[in-house]
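Reading the structure
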Amino acid sequence: MISPFTLTTAALFVILLALIMVPLLSRSQRLLIVSVFSLTAVASLLTLTAGIWTVWDGITESYIILLGLPDLPFHMRLDPLSGFFLTVIGALGFMVSVYSIGYVKGFIGHRPVTSLAVFYSLFLAGMFMVILADDAFFFLISWEVMAAASYFLVMFEDEKTENRRAAFLYLVVAHIGAIAILLSFGLMAGSATGFEGFNGYTFDAMRHATFPPHWAAVAFFLAFFGFAAKAGVIPLHVWLPEAHPVAPSNVSALMSGIMLKTAIYGIVRVTFDLIRDFPWWWGAVVLIFGLASALLGILYALQQQDLKKLLAYSSVENIGIILIGIGLSMTFAAFHNPVLSALALTAGLYHTLNHAMFKGLLFMGAGAVLHATHERNMEETGGLIHRMPWTSALFLIGCLSISALPPFNGFVSEWLTFQAFLLSTALPSTLLNLLIPLGAALLALAAALAAMCFVKAFGVTFLGQWRGHHRPHIHEVDWSMRTGMGMAALACLCLGIFPTVMINWMDAVSVMLVRGKLAESAGAFGWLWLTPISHERASYSGPIVLLGIVGVVSLVFLLLHARRRTIHRGPLWDCGFEKITPRMQYTATAFSMPIRRVLGFLFHVRERQEAKRHLVHKAFIERLRYSLRVRDHLWDWLYQPVADISFWVARRVGRLQQGRIQVYLIYSFATIILLLVLLR
Amino acid sequence: MPISFAAQLNSVLAALILLTAFGLLAQRRIYGLLHLFAWQGLFLSISTAVVGYAAGQHHLYISSILTLALKVIVLPYILHVLIIRLKIQKEVETLVNIPATMLMGIALVIFSYHLTSPIRELSTLVTRSTIAVALATVMLGLLMMITRKHAVTQIIGFLAMENGLFFAATSATYGMPLVVELGVALDILIAAFIFGIFFFHIRTTFDSLDVEQMARLKEED
């Protein structure tokens, strides 16, 4: 009998099959790539189906798996929330797996890809299991599988120091986060059934527990800290712009697109499902962290010259936007306003899905650029639109979506978030009524900066002319990579045009978590119009906007091309300076200059100019050298002191280590004697 | 043989075991250490057999025979071969001078008696008076490991500690289950082999078996 649960189990078995096949096929790398990534694509597709099905039918079923320690079996559960996240993971997992078939082939001849195939499969399986887990034990095991597999994926090209450093930083932050999550689950389990037994480790026990308010706050903030470390919320984001760029691009797409989302899942699960009853200020704290991440994330992104690093910082921004939705939803829920809470939660979750799609697309696009040019630095690329028309068009769709321009999907979710912001006047607290609109202003600023950031990303990389010193042979990428990106682009468009259908589908999640129904008011005017609360306040129609845009564009195109002679191609006017070279184009550094001037105090900017003057006269400059380094202050303010203190403590403790066996024996001897004396 | 006689015999053997433990602390020559260790094993083996007889625990006879075979014959033989192979028959250096070590040992014995006094009051076993001796033997073994510099003497100290533990097991609870004892015996045997291999490696690396030399392994900062 086919049910969502059998589909997900089947997906896990398919991944297991892929893992078994790896050693058999490691001789023939080409075959290995095709078979393993096809199998993970199949597994993702199964999960996608199961996820859509679960949410559609609003199924809530739990299962006990006879694995794990004696008396501590694993629990799994499918409910609308896990179904939604399975959909996100399955969808992007499928696209990226298809893309990987072509992308990973690029490594053949340079290095063996067996480890990449193994850890990719494990990574995907870990994420599926995190979503399915219904007890703290299984959740943490899956969480660690995911973290360890992604560590090895970041380490894939391990001959570079940069990669090893990034992977280590990632591992450290991931484990500090994991400890916080473990403590939080421990507290909740202890409050549920007491600290004597282990019975509280199931989520079901926590769900039925009542927590004392202080301990609930401690548990929540521990969990929030742990998940925020994984999600890259500022100030815990430092690992993210290091680890994402150095991982292979298909892995970056997965990490940025869905691994960060498992942390969002964790926050939603712990808050709305396990703790359930919370004061409004928790939501305010989440909102503030969300706003800080959104604004600072995009400002840092604007300063990047490395395409993948830019995308990584932009992930910080988008995680911020998602947290804004969740924080607002928590605030509304604490004031018992289920409809608005459902609106904000839907906005946050919708943005989760959207971000998975467009950030997956953009990372795949960056991977395609990397695959073709072997260049990550935007200052060394340019003009790729002529050589890689498909990639350029698809990347442009990603840029439009992430810049929140209609008719693509980013617009819908950010618009919904704004609606939630603007409806906050319904709250009974004056303080919040004053402060929340400020948040809306900050979000608007972040959205505008995001558009600027992606104008830069697309413009510098794809438009103009090639800037690099040497000109490699650039070619369009193969069918599988184009298919992967194409599916993501199509998803971006569809999610933007048919939001009403999506919200109708997602309603089960908000009904389950905040008991608020949005579908009736949102879809009151059929699939064509999206009216979040009522049509008098605000409405949006994706299809009509699309029709309008297509109409205007085709009209202009027809007008221009009806008379063949309107378009000329001629030499560029060079202002009288005859030697124009591609190096004179507008650069990425120059593009972000205004922001550096205005908001320079937020960064650690080190700018240097060296002029080598001509011998004849000092007015003639022979060569000018400009170097710029922009870092965020947080590293110096937050992380460096902690690192220094731990090294200092380690050196002190290191003095205990004398290197003489007798001294070590004296330590144990003294300990034994002391314990015997004390505990006699 | 009446029970009270067995208990007295056991006490005598315990005293002899303690004496050999002090002997190990005081002995300077490596062969002397080896002989004392073998004697300790012999007393332990006899004591185990006596306890087995007095308590009617027949599996203790097997432990006794195992002890005799391993600790009186096999292990001293292995160590003897090692000493000859490594040519280290000379006098053993101590870190702390011997009278001071002896004084520390006496303090430890008093401490052990003090420590086990509540157990002696509660226990009903014939062997209850020897628990303190067993504990003292363990501590003296550890003290020997601390005060000696030479790797072989440290191994002998370790094995003496194990003797003490074994003695504690028989005197406190009439011995561990046979399976455990067999496992421990096997562990000891394997440990001896591993030590042998390590000695050769240590000597090739440092040209000496003085564990002081290993301080060079410490990372400098």
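Residues numbered from 1 in each chain as written. Chains lettered and ligands numbered in written order. Predicted model: local features only at pLDDT ≥ 70, side-chain atom pairs only at ≥ 80, totals over all residues. Heavy atoms only, no water.

1. Some words on the overall build of chain B
Going by this rule: For helices the rule is a DSSP run of H or I covering at least 4 residues; for strands it is a run of E covering at least 2, with both sets numbered from the N terminus onward. Burial classification: accessible surface area is computed with a 1.4 Å probe over protein chains only, and a residue below 20% of its type maximum counts as buried, one above 50% as exposed, and the rest as partly exposed. Contacts are residue-level and defined by heavy atoms, with any inter-residue pair within 4.5 Å sufficient.
From N to C terminus, chain B includes 7 helices and 0 strands. For chain B, the sequential pattern of α-helices and β-strands runs α-α-α-α-α-α-α. For chain B, the residues scored as buried account for 51% of the 221 residues in total. A fraction of 75% describes how many contacts in chain B between residues 6 or more apart in sequence connect residues 24 or more apart.

2. Concerning the overall build of chain A
In plain terms, the rule: The atom set for the radius of gyration is the C-alpha atoms, and the globule formula is 2.2 Å times the number of residues raised to the power 0.38. Note on areas: Shrake-Rupley, 1.4 Å probe, and residue coverage restricted to the protein chains presented here. Positive charges come from Lys and Arg alone, negative charges from Asp and Glu alone, with His and the N- and C-terminal ends not counted. A charged residue contributes its charge at one atom only: NZ of Lys, CZ of Arg, CG of Asp or CD of Glu.
In terms of helices and strands, chain A carries 25 helices and 4 strands. Against the 2.2 N^0.38 benchmark of 26 Å for 680 residues, chain A shows a C-alpha radius of gyration of 27 Å, consistent with a compact globule. Counting over 680 residues, chain A shows a buried share of 55%. A sequence separation of at least 24 residues applies to 78% of the contacts in chain A between residues at least 6 apart. If you sum the accessible surface of chain A, you get close to 29800 Å²; carbon and sulfur atoms cover 68% of it. Here chain A contributes 47 positive and 35 negative side-chain charges, whose respective centroids are spaced 11 Å apart.

3. Concerning unusual backbone geometry
Residue and element names in this part refer to chain A. A cis geometry characterises the amide bond from Ile-234 onward to Pro-235, with omega recorded as 10°. Mapped onto the elements of the fold, Pro-235 is located in the loop between α8 (213-231) and α9 (240-246). Cis peptide bonds are those with omega within 30 degrees of zero, and the linkage from Pro-406 to Pro-407 qualifies with 10°. In this structure, Pro-407 sits in the loop between α15 (389-402) and α16 (409-422).

4. Digging into the packing of helix α12 (residues 307-334) of chain A against helix α13 (residues 338-373) of chain A
Residues and elements named next belong to chain A. Counted only if it meets this: Note on definitions: angles span 0 to 180 degrees between N-to-C directions of axes, and those axes are lines fitted to C-alpha atoms, for helices only across the stretch in contact. Between 65 and 115 degrees an angle is taken as roughly perpendicular, under 35 as roughly parallel, over 145 as roughly antiparallel, and anywhere else as oblique. Ten residue types, Ala, Val, Leu, Ile, Met, Phe, Trp, Tyr, Cys and Pro, are classed as nonpolar, four, Asp, Glu, Lys and Arg, as charged, and the remainder, Gly among them, as polar.
Close contact between α12 and α13 brings their axes to 7 Å; oriented N to C, the two are set at 170°. Accordingly, the angle class assigned to the pair α12 and α13 is roughly antiparallel. Across the contact of α12 with α13, the residue classes break down as 16 nonpolar, 10 polar and 2 charged.

5. Overview of empty space enclosed by the protein
All names here are of chain B. Quick reminder of the rule: Buriedness for pockets is judged along seven lines, at least five of which must meet protein on both sides within 12 Å for an open set on the 1 Å grid over protein atoms alone, while cavities are sets there where a 1.4 Å probe fits but cannot get out, and lining residues have an atom within 4 Å of a point. Grid points are joined across faces, edges and corners, and a volume is the space filled by probe spheres set on the points.
On inspection of all chains with the given rule, the structure shows 2 cavities of 30 Å³ or more. The volume enclosed by the largest cavity comes to roughly 100 Å³. In this structure, the largest cavity is lined by Ser-63, Leu-66, Thr-67, Leu-70, Lys-71, Glu-162, Phe-166, Glu-181, Val-184, Ala-185 and Ile-188. Mapped by element, the contributors of at least two residues to the lining of the largest cavity are α3 (59-86), α6 (151-173) and α7 (178-206). Among the elements that take part in the lining of the largest cavity, α3 stands out by supplying 5 residues, more than any other.

6. A look at the packing of aromatic side chains
Using the following cut-off: What counts as a ring pair is set by centres within 6.5 Å for rings of Phe, Tyr and Trp (its six-membered ring), and what kind of pair is set by the plane angle: stacked under 30 degrees, edge-to-face over 60, tilted for all other angles. Think of it as a cone above the ring: NZ of Lys or CZ of Arg counts as a charge over the ring if it is within 6 Å of the ring centre and within 35 degrees of the ring normal.
Per the stated rule, a full pass over the model turns up 43 aromatic pairs over all chains. Aromatic side chains Phe-139 of chain A and Phe-227 of chain A sit 6.1 Å apart centroid to centroid with 90° between the ring planes, which places their arrangement in the edge-to-face category. Residue Phe-139 of chain A is found in helix α5 (residues 136-154), and its partner Phe-227 of chain A is found in helix α8; the two are separated by 88 residues along the sequence. Judged by its relative accessible area of 1%, Phe-139 of chain A is buried. The exposure class of Phe-227 of chain A is buried, given its relative accessible area of 0%. Ring geometry for Tyr-151 of chain A and Phe-152 of chain A: centres 5.2 Å apart, planes at 70°, overall edge-to-face. An aromatic cluster of at least three residues, connected via ring pairs, comprises Phe-220, Phe-221, Phe-224, Phe-272, Phe-278, Trp-281, Trp-282 and Phe-289 of chain A. Above the ring of Phe-156 of chain A, the side-chain terminus of Arg-111 of chain A is found at 5.2 Å from the ring centroid. The residue whose ring lies beneath Lys-71 of chain B is Phe-166 of chain B, and the NZ or CZ to ring-centre distance is 4.8 Å.

7. Quick notes on the domain arrangement of chain A
The line we're drawing: For the domains described, the bounds stem from an automatic or database domain assignment.
Taken as a whole, chain A is organised into domain 1 (280-518), domain 2 (586-633) and domain 3 (635-678). Computed over C-alpha atoms only, the centres of domain 1 of chain A and domain 3 of chain A are separated by 47 Å.

8. Concerning the side chain of His-244 of chain A
In this fold, His-244 of chain A is placed in helix α9. The contacts of His-244 of chain A, once residues within four sequence positions are left out, are Trp-239, Ser-252, Met-255, Ser-256, Leu-260, Lys-308, Ala-312 and Phe-363 of chain A.

9. What about the packing of helix α1 (residues 3-26) of chain B against helix α2 (residues 30-55) of chain B?
Each packed pair of helices is defined by two parameters, the angle between the axes and the distance between the axes. Residue and element names in this part refer to chain B. Quick note on the threshold: Handedness of each helix crossing follows the sense of rotation of the near helix against the far helix: counterclockwise by less than a right angle gives left-handed, clockwise gives right-handed.
Two numbers describe how α1 lies on α2: the axes approach to 9 Å, and their chain directions differ by 160°. By the criterion of interaxial angle, the relationship of α1 to α2 is roughly antiparallel. Here α1 runs over α2; the crossing is left-handed. Counted together, Ile-3, Ala-6, Leu-9, Asn-10, Leu-13, Leu-16, Ile-17, Thr-20, Ala-21, Gly-23 and Leu-24 of α1 and Leu-33, Leu-36, Phe-37, Trp-39, Gln-40, Phe-43, Leu-44, Ile-46, Ser-47, Val-50, Val-51 and Ala-54 of α2 form the full contact between these two elements. Each residue belonging to the contact of α1 with α2 can be placed in one class, and the counts come to 18 nonpolar, 5 polar and no charged.

10. Structural notes on the environment of Gly-325 of chain A
All names here are of chain A. Within the fold, Gly-325 resides in helix α12. Its relative accessible area of 0% is what places Gly-325 among the buried residues. Those residues in contact with Gly-325 that lie beyond four places of it in its chain are Ala-344, Leu-345 and Gly-348.

11. A look at the pattern of salt bridges
Residues and elements named next belong to chain A. Applicable threshold: Whenever a carboxyl oxygen of Asp or Glu lies within 4 Å of a side-chain nitrogen of Lys or Arg, that contact is scored as a salt bridge.
Per the stated rule, a full pass over the model turns up 15 salt bridges over all chains. Its salt-bridge partner being Glu-157, residue Lys-160 comes within 3.6 Å of it at the nearest N-O pair. Take Lys-160: its relative accessible area is 37%, and that puts it in the partly exposed class. For Glu-157, a relative accessible area of 18% puts it in the buried group. Between Asp-507 and Lys-517 there is a salt bridge whose closest N-O contact spans 3.5 Å.

12. So, the nonpolar core
Which entries qualify depends on this criterion: We define the nonpolar core as a collection of buried residues of types Ala, Val, Leu, Ile, Met, Phe, Trp, Tyr and Cys that are connected through side-chain atoms lying within 4.5 Å of one another.
The biggest cluster of nonpolar side chains holds 222 residues, and the ones touching the most others in it are Phe-84, Phe-139, Tyr-170, Phe-185, Trp-239 and Phe-272 of chain A. Examining the composition of this core, we find that 21 residues originate from one element, α13 of chain A, more than from any other. Domain assignment of the residues forming this core places at least three in each of domain 1 (280-518) and domain 2 (586-633) of chain A. Counting 58 residues, the second-largest nonpolar core is a separate cluster that includes Phe-669 of chain A together with Leu-25, Ile-202 and Leu-209 of chain B.

13. Some remarks on a nonpolar patch on the surface
Residue and element names in this part refer to chain A. The following threshold applies: Residues with no salt bridge and a relative accessible area higher than 30% make up the patches, which join like charges within 9 Å and nonpolar side chains (Val, Leu, Ile, Met, Phe, Trp, Tyr) within 5 Å.
There is a patch of nonpolar side chains on the surface, built from Ile-645, Trp-648, Val-649, Val-653, Leu-656, Tyr-664 and Tyr-667 and spanning about 660 Å² of accessible area. Put simply, the parts of the chain that give the nonpolar patch at least two residues each are α24 (633-654) and α25 (661-678). Top contributing element to the nonpolar patch by residue count: α24, with 4 residues. If you trace the backbone, Tyr-664 turns up in helix α25.

14. Considerations on α7 of chain B
Counting along an α-helix, one turn takes 3.6 residues, and residues three or four places apart therefore face a common direction. Residue and element names in this part refer to chain B. Stated precisely, the cut-off is as follows: In this scheme, a helix's expected span is set at 1.5 Å multiplied by one less than its residue total.
Between its first and last C-alpha, α7 extends 41 Å over 29 residues, near the 42 Å set by a 1.5 Å rise per residue. Taken as a whole, α7 has its buried residues at Glu-181, Ala-185, Ile-188, Ala-191, Ala-192, Gly-196, Phe-199, Ile-202 and Phe-206. Packed against the buried residues of α7 are α3 and α6. Note on α7: the residue one or two positions beyond its end, Asp-207, has a positive phi of about 60°.

15. Overview of the side chain of Ser-97 of chain A
Residues and elements named next belong to chain A. Operational definition: We define a polar contact as two N or O atoms separated by no more than 3.5 Å, with the added condition that, inside protein, one atom must be a possible hydrogen donor and the other a possible acceptor, whereas residues neighbouring each other in sequence contribute only through side-chain atom pairs.
Here Ser-97 shows up in helix α3 (residues 80-105). Look at Ser-97 and you get buried, because its relative accessible area is 0%. A polar atom in the side chain of Ser-97 sits 2.7 Å from the backbone oxygen of Gly-93. Setting aside its immediate chain neighbours within four residues, Ser-97 contacts Phe-37, Thr-40, Ala-41, Ser-44, Tyr-120 and Leu-124.

16. Observations regarding the interface of chain B and chain A
The condition is simple: Here the buried area means the combined drop in accessible surface, using a 1.4 Å probe, for two parts upon being joined, counting both sides.
Contacts between the two partners involve 21 residues from chain B, matched on the other side by 15 residues from chain A. For the chain B and chain A pair, buried surface summed over both sides reaches about 1600 Å², with 72% attributable to carbon and sulfur atoms. Where chain B touches chain A, the interface holds 0 salt bridges. For the pair chain B and chain A, the interface holds 0 residue pairs in polar contact (both at pLDDT 80 or more). Residue assignment for the side of chain B that touches chain A shows that the elements contributing at least two residues are α4 (98-122) and α5 (131-147) of chain B. In terms of residues, the side of chain B that touches chain A owes the most to one element, α4 of chain B, which gives 6 residues. Within the side of chain B that touches chain A, the residues separate by chemical class into 13 nonpolar, 3 polar and 5 charged.

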